[in-house]
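Each chain, written out:
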Amino acid sequence: ISAERGGFKHFMLKEIFEQPRTVGDTIKGYVSRDYLLPFNLRDFRRILILACGTSYHAGLVGSYWMNKYLQTPVEVMYASEFRYADVPVGERDLVIAISQSGETADTRYSALSAKEKGATVLSLVNVMGSALDRESDYTLYTHAGPEIGVAATKTFTSQLAVLYSLAVSHLPDRDRFMEKLSSVPHMMEEVLGEAEQIKKVALKYANRKNMLYLGRYLSYPVALEGALKLKEISYIHAEGYPAGEMKHGPIALIDENMPVLVVVPRDRVYEKVLSNIEEVLTRRGSVISVGFRDDETLTKVSKDLIGVPEVDEDLTPFLTVIPLQLFAYYIADHLGLDVDQPRNLAKTVTVE
Ligand code: G6P
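None of the values given here were measured: they were computed from a predicted structure.

Peer 1: Quick rundown of unusual backbone geometry? Include the residues and the values.
Peer 2: For Y235, which is not glycine, the phi torsion reads 60° and is therefore positive. By the secondary structure assignment, Y235 is in the loop between α11 (219-234) and β7 (237-242). With 16 C-beta atoms counted inside 10 Å, the residue Y235 sits in the partly exposed group. The backbone of R284 shows a phi angle near 65°, a positive value even though the residue is not glycine.

As structure tokens, this is what we get:
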């Protein structure tokens, strides 16, 4: 355990635990309106979010907030898909390119091509002076500090903080929204306080070959991100899926050997996701749920419940993603894998 890892066994674990501070730091910059952009997001005909990997998942969460509060059509695409997809883009479009490193080739080249077609490019990067930072019309920073672990963690939640700030930036009661956002770091701290409990749950599943992650609405991208973390560092096959789509395919996979992790905070789709859980149970699948900690209904239907503090539905992704990051981490570490440098993966992919 080296000093640079701050007493943690791996950078990834350190970075997971840094999140209350990094999200707090990010929020500070946005509460103060230091970042003021010379345009209103609502002036655009539509917003197109382009990103890869974990940054794409942050973009998906952001799109739900933007659709809700900006009422401007928002689309999210993998940058690698956008590149060759003939998507019409023009002067009245705002492209938000999200990249931790600001060096991901697919994201850079997509942003450049959109810019060439007349779109305004606003990038969201963690590394100041990176290529994407330089190539964009405007840049916002995530202030998460250097991220060393190959699997992104703290930059995801900082990206969320910026995207939320943007989505509410034009609202007359913006301050009230930002105040709510400012209460998030403290609640993240509470979730991290449950790390030992999360570890216990995780280790029960360390020898599984497959897992399904489900979530709906804002928890859908969280499920995708949780499954990505598990694949990346533990090499367990995990599939993230929108809970409502389960009946159109993945349900065929469910039997007693398929653990299903469901992200199910008490939000607008809570009841719907509970019925998905019932469908899993009917097929003898075991359910691990990540939901609000006082949720008795969920306790009854879950083999394991990982509880997070109750929070406004908008802000649930900040809290529910942490148990999923830790879940993947503890399994990978238990399996003796190289958590910070997983096989075949690079922190930054500078080739197309
Ligand atoms: C690589 C990393 C991921 C990251 C993705 C996008 O695949 O392993 O953790 O999410 O690139 O990186 P970016 O720097 O563009 O956010």
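Now that the structure is up, let's keep going.
Peer 1: Please set out the environment of R108 residue by residue, giving values where relevant.
Peer 2: Note on placement: R108 falls in helix α5 (residues 105-116). Put simply, R108 and F11 are 97 residues apart on the chain and 27 Å apart in space, counted from C-alpha to C-alpha. Sequence-distant contacts of R108, that is, excluding residues within four places in its chain, are made with A131, L132 and E135.

Peer 1: Any chance you could break down the site of the ligand for me, citing the residues and the numbers?
Peer 2: Neighbouring the ligand are 16 residues, the closest being G53, T54, S99, S101 and T104. Ranked by the residues each element gives to the shell around the ligand, the list is headed by helix α3 (residues 53-70), at 3 residues. Class assignment of the residues belonging to the shell around the ligand gives a composition of 6 nonpolar, 9 polar and 1 charged.

Peer 1: How would you sum up the sheet that holds strand β9 (residues 286-292)? Please name residues and give values.
Peer 2: Sheet architecture is open: 5 strands sit in the order β7-β6-β8-β9-β10, paired in parallel fashion. Only two strands of the sheet have a single neighbouring strand rather than two, namely β7 and β10 (304-308). Adjacent strand axes in the sheet meet at a mean angle of 20°, parallel and antiparallel pairs treated alike. With 6 bridges joining them, strand β6 (residues 210-215) and β7 adopt parallel strand pairing.

Peer 1: How would you summarise the packing of helix α10 (residues 195-203) against helix α14 (residues 316-334) if you had to cite specific residues and measurements?
Peer 2: The N-to-C vectors of α10 and α14 enclose an angle of 60°; their axes lie 9 Å apart at closest approach. Accordingly, the angle class assigned to the pair α10 and α14 is oblique. The way α10 lies across α14 gives a crossing that is right-handed. Between α10 and α14, the residues in contact are A195, I198, K199, A202 and L203 and P323, L326, F327, Y330, I331 and H334, respectively. Here the residues of the contact of α10 with α14 sort into 9 nonpolar, 1 polar and 1 charged.

Peer 1: Describe α5, listing the residues and the values that go with them.
Peer 2: Residues spaced three or four apart along an α-helix face the same direction, because each turn holds 3.6 residues. Taking 1.5 Å as the rise per residue, α5 with 12 residues should run 16 Å; its terminal C-alpha atoms sit 16 Å apart, in good agreement. Buried residues belonging to α5 abut β1 (46-51), α4 (79-82), β3 (93-99), β4 (120-125) and α6 (131-135). Of the residues flanking the end of α5, it is G118, one or two places downstream, whose phi is positive at about 105°.

Peer 1: Lay out the pairing of β10 with the relevant residues and their values.
Peer 2: A regular strand carries its side chains on alternate faces of the sheet. With respect to burial, β10 is a largely interior element, 4 of its 5 residues being buried. One ladder, built from 5 bridges, connects β9 with β10; its direction is parallel. By the bridge assignment, S289 is partnered in β10 with L305. After leaving β9, the chain enters helix α13 (residues 296-301) and then returns to the sheet as β10, a path that is right-handed.

Peer 1: Could you give me a rundown of the sheet that holds β1, with the residues and numbers involved?
Peer 2: Taken in spatial order, the 5 strands line up as β2-β1-β3-β4-β5 in an open sheet, and their pairing is parallel. Two strands bound the open sheet, and with one partner strand each, they are β2 (74-78) and β5 (138-141). Shown here is a sheet whose adjacent strand axes are inclined to one another by a mean of 20°, direction ignored. Alignment of β3 against β4, held across 6 bridges, turns out to be parallel. When the bridges of β4 are listed, A97 appears paired with S123. Contacts from α5 reach β1, β3 and β4, with the element oriented near 165° to β3.

About the criteria used
- Residues numbered from 1 in each chain as written.
- Predicted model: local features only at pLDDT ≥ 70, side-chain atom pairs only at ≥ 80, totals over all residues.
- Helix = DSSP H or I, 4+ residues; strand = E, 2+ residues; numbered from the N terminus.
- Buried ≥ 20, exposed ≤ 12 C-beta atoms within 10 Å, placed from the backbone.
- Contact = placed C-beta atoms within 7 Å.
- Near = placed C-beta within 6 Å.
- Nonpolar A, V, L, I, M, F, W, Y, C, P; charged D, E, K, R; others polar.
- Pairing = 2+ DSSP bridges.
- Axes fitted to C-alpha atoms, helices over the stretch in contact; angles between N-to-C directions.
- Parallel < 35°, antiparallel > 145°, perpendicular 65-115°, else oblique.
- Left-handed = near helix turned anticlockwise from the far one by under 90°.
- Expected span 1.5 Å × (residues − 1).
- Right-handed = clockwise from strand over helix to strand, strands pointing away.

These figures capture arrangement, not role.
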